[in-house]
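Now for the letters of each chain:
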Amino acid sequence: MIYIHIPFCKQKCSYCNFHFSTSLNFKDEMLHAMKTEIFLRKDELQNKTLKSLYFGGGTPSILSVDEINSLIDEILKYFSFGNDIEITLEANPDDLNKQFLKQLAGTPVNRLSIGTQSFFEEDLKLMNRAHNASEAESSVKRAQDFGFENLSIDLIYGSPTSNLEIWKENLKKTVELEIPHISSYALTVEPKTTLENWISKGKIKSPKEEEQNREFYYMSAFLKDNGFEHYEVSNFARPGFYSRHNSAYWKYQEYLGIGPSAHSYNGFDVRSWNVANNQQYIKKLAAKNLAKSEEILSQEDQFNEMIMIGLRTIWGVDLLTLKRKFSGKIQDYFQEEIKSKIKEGVLIIENEHLKIPEEHWFMADGIASDLFIV
């Protein structure tokens with residue numbers, strides 16, 4: 001699978017610390033550099049038939065449909081698409097006007113991930129989103145009108161401008177709109193963000209973990225009652241609508257990341273990442289040089305990643321794979337460490353898979369990190 005990072009946004013969200021630029025001055029040079037990188041790295045993927053292509057960012061919908069198509073055409077020079085390929089475009093509601101959607105419907109893109117975040121104005125203002133509450137709803141309906149049924153939306157809970165009743169309304173609206181996939185995250189205060197600055201100056205209150213905990217478990221119960229499957233800590237889907245792209249990450253499959261700050265993984269022991277600087281990226285690729293660094297993952301690194309990723313999903317960690325993959329020393333450590341967690345009830349073993357019971361999923365990262373080899 002291939003991930004393409006589009007490092008441009010109209011404006012900076014208050015909570016965001018992803019790599020992007022609000023200037024489009026070098027967009028043409030960036031797209032040319034990406035095409036060069038696709039050519040230079042075309043042999044890194046063993047499987048030339050793609051099951052997933054994902055445009056993330058940043059805001060990929062800031063591109064024109066012709067620009068999106070040109071990147072797809074470049075990929076098709078070196079790869080083929082499987083019959084059931086999932087091609088996802090992340091999009092902001094304010095970009096999904098009729099003209100854009102009409103043109104996009106004529107491309108191979110068959111899935112939209114819409115950055116809704118909330119259907120309430122106060123939440124959106126706090127987050128400094130470019131869209132308003134009306135656009136949050138109307139963009140979904142327009143996308144459906146143009147034939148995009150495989151939709152996902154992002155929702156953020158635990159905001160200081162929200163509460164449980166507002167959160168219930170957000171979830172109710174999502175179900176009413178017949179959206180088949182939801183990615184939902186607690187509002188977190190990342191370093192060097194506007195949100196952190198506001199909180200440090202006392203302009204707004206810090207998110208409260210106990211409220212986020214309550215909203216998380218309400219969401220899980222409500223969505224399951226309405227036909228969704230809670231298949232990863234932050235992801236819910238109706239049957240048949242799991243994100244193929246994200247599921248591949250969680251199952252340790254190989255992927256190629258194109259664009260500044262994008263990461264890649266060979267499916268075994270090598271992880272690489274591109275420089276998180278637009279100008280440096282463009283300059284490197286203009287000279288036909290790669291803009292990436294890489295590391296060889298140690299047995300300990302691989303173990304920690306397998307634990308962290310697996311325990312966030314309904315599939316859990318495959319104990320037979322773990323036993324086959326890692327040394328006796330790691331096996332001994334692992335067996336010893338999980339004993340107390342199983343006794344506490346925060347870990348269980350089902351059909352040779354280690355899992356966290358869903359009632360403890362809100363603390364999944366903490367539970368997993370306790371098992372890390374450091």
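Residues numbered from 1 in each chain as written. Predicted model: local features only at pLDDT ≥ 70, side-chain atom pairs only at ≥ 80, totals over all residues. Heavy atoms only, no water.

**Some thoughts on the packing of aromatic side chains**
According to the stated counting rule, one finds 17 aromatic pairs in the structure shown. With a centroid separation of 6.4 Å and an interplanar angle of 40°, the aromatic rings of tyrosine 157 and phenylalanine 216 are classed as tilted. With tyrosine 157 in strand E5 (residues 151–157) and phenylalanine 216 in helix H8 (residues 209–225), this residue pair connects regions lying 59 residues apart in the sequence. In this structure, tyrosine 157 and phenylalanine 216 share a single accessibility class: buried. (Phe/Tyr/Trp six-rings, centres within 6.5 Å; stacked < 30°, edge-to-face > 60°. Helix = DSSP H or I, 4+ residues; strand = E, 2+ residues; numbered from the N terminus. Buried < 20%, exposed > 50% of the residue type's maximum accessible area, 1.4 Å probe, protein only.)

**A short note on a nonpolar patch on the surface**
A cluster of nonpolar side chains, namely Phe39, Leu40 and Leu290, defines an oily patch on the protein surface of about 220 Å² accessible area. Within the secondary structure, leucine 290 sits in the loop between helix H10 (278–286) and strand E12 (292–296). Judged by its relative accessible area of 30%, leucine 290 falls in the partly exposed class. (Patch = residues over 30% accessible without salt bridge, like charges linked within 9 Å, V, L, I, M, F, W, Y side chains within 5 Å. Areas by Shrake-Rupley, 256 points an atom, 1.4 Å probe, with all protein chains shown as cover. Salt bridge = Lys/Arg side-chain N within 4 Å of Asp/Glu carboxyl O.)

**Regarding the sheet that holds strand E11 (residues 270–274)**
Taken together, three strands build an open sheet; the order of strands is E10-E11-E12 and the sheet is antiparallel. Only two strands of the sheet have a single partner each, and these edge strands are strand E10 (263–265) and E12. Averaged over all pairs of adjacent strands, the angle between their axes in this sheet comes to 20°, without regard to strand direction. Relative to E11, E10 is paired through three bridges, and the arrangement is antiparallel. Across the sheet, the residue bridging to histidine 263 is tryptophan 273, located in E11. (Pairing = 2+ DSSP bridges. Axes fitted to C-alpha atoms, helices over the stretch in contact; angles between N-to-C directions.)

**As for the nonpolar core**
The biggest cluster of nonpolar side chains holds 84 residues, and the ones touching the most others in it are Ile2, Leu112 and Ile307. By size, the runner-up hydrophobic cluster in this structure holds eight residues, among which are Cys13, Cys16, Leu126 and Leu187. (Core = buried A, V, L, I, M, F, W, Y, C linked by side-chain atoms within 4.5 Å.)

**Looking at helix H6 (residues 164–176)**
In this model H6 runs 18 Å from its N-terminal to its C-terminal C-alpha over 13 residues, within 8% of the 18 Å that 1.5 Å per residue would give. What H6 keeps buried is the set Ile166, Trp167, Asn170, Leu171, Thr174 and Val175. Of the residues that open H6, the one with a side-chain oxygen 3.0 Å from the backbone nitrogen of glutamate 165 is asparagine 163. Remark: glutamate 178 follows H6 within two positions and exhibits a positive phi of approximately 60°. (Expected span 1.5 Å × (residues − 1). Polar contact = N/O pair within 3.5 Å; in protein donor to acceptor, adjacent residues only side chain to side chain.)

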